[in-house]
Amino acid sequence: MFVIHLEHVPDILRAEIAFYAQEIAPYFFVSTASAKIRQQLWNKITSVDGIAAILLYTDATETGYSIETIGYPAYELGDFDGLQLVCKPANALTAWLAERLWAKINPFKSLIDHMLETGITAGCLIDTIFHPLLQQLSVLSTIDEHNLKQQIVFVCAMHDIGKCHPIFQGRNSETLQMLENYDMDQTSVSKAFRHEQYGSKIIQDLLELENPLGFDNFDIIQRIIGLHHQKNYGSKCYVKINKNILSRWTDIQQYIFDFMKEVFPYDQLCFLPKDATKEDEFVIVNGILGILITSDWIASNESVFDNLSYKDFPSIEEFKAYKEKQLKKFIHTQHLLPHQYPNPVPFKKLFPFGEVRPMQQDVEDIMANERPKFMLIESGCGSGKTEAALYAASVMGWQNGKSGIYMGLPTSASAEAIQERIDEYLESLNMGQTKLFTSKSMLLRDLEEHADFTDVSRQRMLEPSAVGTVDQVMTVARKVKFESVRMAGLSSKVLIIDEIHAYDSYMMTTIEHLLRICNAVNVPVILLSATLPAITKKQLFM
């Protein structure tokens, strides 16, 4: 005699089993057929992909029967001191389903793989182009750099947890078939589903289960995850999971959360100190958001990572080392590696041509005796303001751990004209060269030249050093999409704005806001002018 219980079985196989066994309840068969028939049926059952089944048959054992299983049934038999008892599977089905959820379809990338790669990318970027930003965030949050990095990396890895939802996963036909087999699918009349919105909701649920936090920290983490695609919706754009399948989906979400925390451990998620100001909160939220968005862009770039999964490696550490190697290759080929400012040298050594002019000597003396982060150099045309500003930038950059420069000018023509001088200056410091960023800079490129990662307008501030028009850097201070990425990119630079007197009141208002952001993010600023009205000085310095 034998008993078979089936789950996720095609009807054609169910009918074939019914020829030899009686179906006394749905998917529950009993038979007295021979052992040969029993084995033939079991072989057919085990050949079906995705099926779950239990076979119990009489046998010459101590208990008088034997049990075989296949797949991940809703319940399984566990061994308890020699006794086989029914129990819920210990995350076996949960893990199996979680590993098969998708994040990208063409080419396919599993959800867990993409989340891992985003976390790995965040860690590498924090160690390189975003290290100056981490230093400032550490000061504002009063968290040491190591622990802060761990927290940021974990949040970045969790950014797509909102894709763990039956509506989103059902967009892929193969995944939908799998969900239907396990009765975990869900249909919705509404086509609107934003995974980042849903992710911001469930991250709070997951964190509350782990350790209750203060409201400010919940709000910050929710905002960071909810805004990583910079979509602004007036109403809720996700559907609640049906109650009859909710517990199974929350098990998968919890499994992914625990898995990410095991790979990217942290002590506590708490970014804001109790005495944090609104300005501190602005910098912390937008700084982490900028790291997250950049990491997601790079991790989603098909040219960065191959399709090898973490399951293809003996250990997660080997997987991380393999992916880090691919990422570092991308950073190197895109010229994103930062170049630290060297120790300051005398002005005459940095600019050996001609005599040091009085104004240039004044700048050298100021930089030798003080640590200014905001400087206005006002002097007539042809007095050597540019060299004085570059010298000051080299000292400020060294003092503040910066790795590049952005030189902003009023027109494309002036930016193009000065780029060669800036490149010569950076080469003398072994800091590479600049890129030109103006409204028409892409038109000046060789048509056969491959576009770089930072050629996209929203990613320009990630370039280690650049020369361009002021309107390019003004996007840091305007309410435009991905301004947090621009702020994060600018955080590693010294900002020089030439001919500050040449801008109208509209641009000057934006520049004022830009200077406040620079101060909050610890970006040294140097302004140049031949003659600046007293009212403008008051406007900028008060």
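Residues numbered from 1 in each chain as written. Predicted model: local features only at pLDDT ≥ 70, side-chain atom pairs only at ≥ 80, totals over all residues. Heavy atoms only, no water.

J.: Explain the overall build of the protein here, please?
T.: Helices and strands together make up the secondary structure of the protein, namely 21 helices and 15 strands. Taken against the 2.2 N^0.38 rule, which gives 24 Å for 542 residues, the C-alpha radius of gyration of the protein at 30 Å runs more than 25% over that of a compact globule. A principal-axis box enclosing the C-alpha atoms of the protein has dimensions of 105 × 50 × 45 Å. A total of 542 residues make up the protein; the buried ones form 53% of that total. Nonlocal contacts in the protein, meaning residues at least 24 apart in sequence, comprise 72% of its contacts between residues at least 6 apart. (Helix = DSSP H or I, 4+ residues; strand = E, 2+ residues; numbered from the N terminus. Rg over C-alpha atoms; globule rule 2.2 N^0.38 Å. Buried < 20%, exposed > 50% of the residue type's maximum accessible area, 1.4 Å probe, protein only. Contact = heavy atoms within 4.5 Å.)

J.: Looking at this structure, I do not really get the sheet that holds strand β5 (residues 65-70). What am I missing?
T.: Strands belonging to one sheet form pairs held by backbone hydrogen bonds; the direction of such a pair is parallel or antiparallel. Read from one edge of the open sheet, five strands run β2-β3-β1-β4-β5, paired in antiparallel fashion. Only two strands of the sheet have a single neighbouring strand rather than two, namely β2 (22-25) and β5. Mean inter-strand twist for the sheet, computed between neighbouring axes without regard to direction, equals 20°. One ladder, built from four bridges, connects strand β1 (residues 2-7) with strand β3 (residues 28-31); its direction is antiparallel. Directly across from I4, in β3, lies its bridge partner F29. (Pairing = 2+ DSSP bridges. Axes fitted to C-alpha atoms, helices over the stretch in contact; angles between N-to-C directions.)

J.: What's the story with the state of the cysteines in this structure? I'm lost.
T.: A covalent bond between the sulfur atoms of two cysteines is referred to as a disulfide. A full pass over the atoms with the stated rule returns zero disulfides. Looking at the unpaired C124, the closest cysteine sulfur is the one in C156, lying at 12 Å. With no disulfide partner, C164 has as its closest neighbouring cysteine sulfur the one in C156, 19 Å distant. Overall, C164 belongs to the buried group, its relative accessible area being 0%. (Disulfide = S-S within 2.5 Å.)

J.: Any chance you could explain the pattern of salt bridges here in plain terms?
T.: In a structure, side chains of opposite charge can pair up when their charged atoms sit close to one another. The full count for this structure, using the stated rule, is 15 salt bridges. Between E196 and R194 there is a salt bridge, with the nearest N and O atoms lying 3.0 Å from each other. Overall, E196 belongs to the buried group, its relative accessible area being 1%. Two residues, D455 and K435, come together in a salt bridge whose shortest N-O distance is 3.0 Å. (Salt bridge = Lys/Arg side-chain N within 4 Å of Asp/Glu carboxyl O.)

J.: Just checking my understanding: could you explain the side chain of E99 for this structure?
T.: Locating E99 in the fold gives a position in helix α3 (residues 92-99). Separated by 3.3 Å, the side chains of E99 and K311 make a polar contact. When sequence neighbours within four positions are dropped, the list of residues in contact with E99 reads S110, I112, Y255, Y310 and K311. (Polar contact = N/O pair within 3.5 Å; in protein donor to acceptor, adjacent residues only side chain to side chain.)

J.: Looking at this structure, I do not really get the nonpolar core. What am I missing?
T.: One broad rule of soluble globular proteins: the nonpolar side chains tend to lie buried together. With 121 residues, the main nonpolar core has I152, I256, M260 and F271 as its most contacted residues. The leading source of residues in this core is helix α12 (residues 278-300), at 11 residues. When residues no more than four places from it in sequence are discounted, the contact partners of I152 are I126, L134, L137, F271, I288 and I291. Ranked by size, the runner-up nonpolar core spans 33 residues in total, among them F347, A388, M407 and A415. (Core = buried A, V, L, I, M, F, W, Y, C linked by side-chain atoms within 4.5 Å.)

J.: Even after reading the chapter, I still don't get unusual backbone geometry, so can you show me in this structure?
T.: Along the chain, N106 connects to P107 via a cis peptide bond; the corresponding omega equals 0°. Along the chain, P107 turns up in the loop between β8 (102-104) and β9 (109-110). We note that N430 has phi near 60°; this positive angle belongs to a residue other than glycine. Assignment of secondary structure puts N430 in the loop between α17 (412-428) and β12 (435-437). For N430, a relative accessible area of 67% gives the class exposed. Positive phi outside glycine occurs at N522, with the angle close to 65°. As for its position among the elements, N522 is in the loop between α20 (505-521) and β15 (525-529). Judged by relative accessible area, which is 14%, N522 ranks as buried.

J.: I tried to follow helix α13 (residues 316-333) on my own but got confused; where do I start?
T.: In an α-helix, one full turn covers 3.6 residues, which means residues spaced three or four apart are oriented alike. Compared with the 26 Å implied by 1.5 Å per residue over 18 residues, the 26 Å span of α13 between its first and last C-alpha is a close match. Residues of α13 that are buried include every one of F319, K320, K323, Q326, L327, F330 and I331, and no others. Down the axis of α13, the buried set is contained in an arc of 140°. They therefore lie on one face. For α13, exposure combined with an orientation more than 90 degrees from the buried face picks out E317, K325, K328, K329 and H332. Buried residues along α13 sit in contact with β9, α4 (111-127), α11 (243-263) and α12. Backbone geometry just downstream of α13 places H335 in the positive-phi region, at approximately 60°. (Expected span 1.5 Å × (residues − 1). Arc of directions from axis to C-beta.)

J.: Sorry if this is basic, but what is going on with the packing of aromatic side chains here?
T.: The geometry of an aromatic ring pair is captured by two quantities: the separation of the ring centres and the angle between the planes. Taken as a whole, this structure holds 19 aromatic pairs when the rule is applied. Relative to F168, the ring of W102 lies with its centre 4.6 Å away and its plane at 25°, an arrangement referred to as stacked. Of this pair, W102 sits in strand β8 while F168 sits in helix α7 (residues 166-169), and the two are 66 residues apart along the sequence. Centre to centre, the rings of F154 and Y266 are 4.6 Å apart; their planes meet at 45°, and the pair counts as tilted. Separated by 112 residues along the polypeptide, F154 in helix α6 (residues 145-157) and Y266 in the loop between α11 and α12 bring together distant segments of the chain. For the pair formed by F154 and Y266, the shared burial category is buried. Ring pairing ties together the aromatic residues Y255, F259, Y310, F313, F319 and Y322, which thus form one cluster. Against the face of Y27 rests R14, its NZ or CZ located 4.2 Å from the ring centre. Positioned above the aromatic ring of Y57 is the side chain of R38, whose terminal nitrogen or guanidinium carbon lies 3.9 Å from the ring centre. (Phe/Tyr/Trp six-rings, centres within 6.5 Å; stacked < 30°, edge-to-face > 60°. Lys NZ or Arg CZ within 6 Å of the ring centre and 35° of its normal.)

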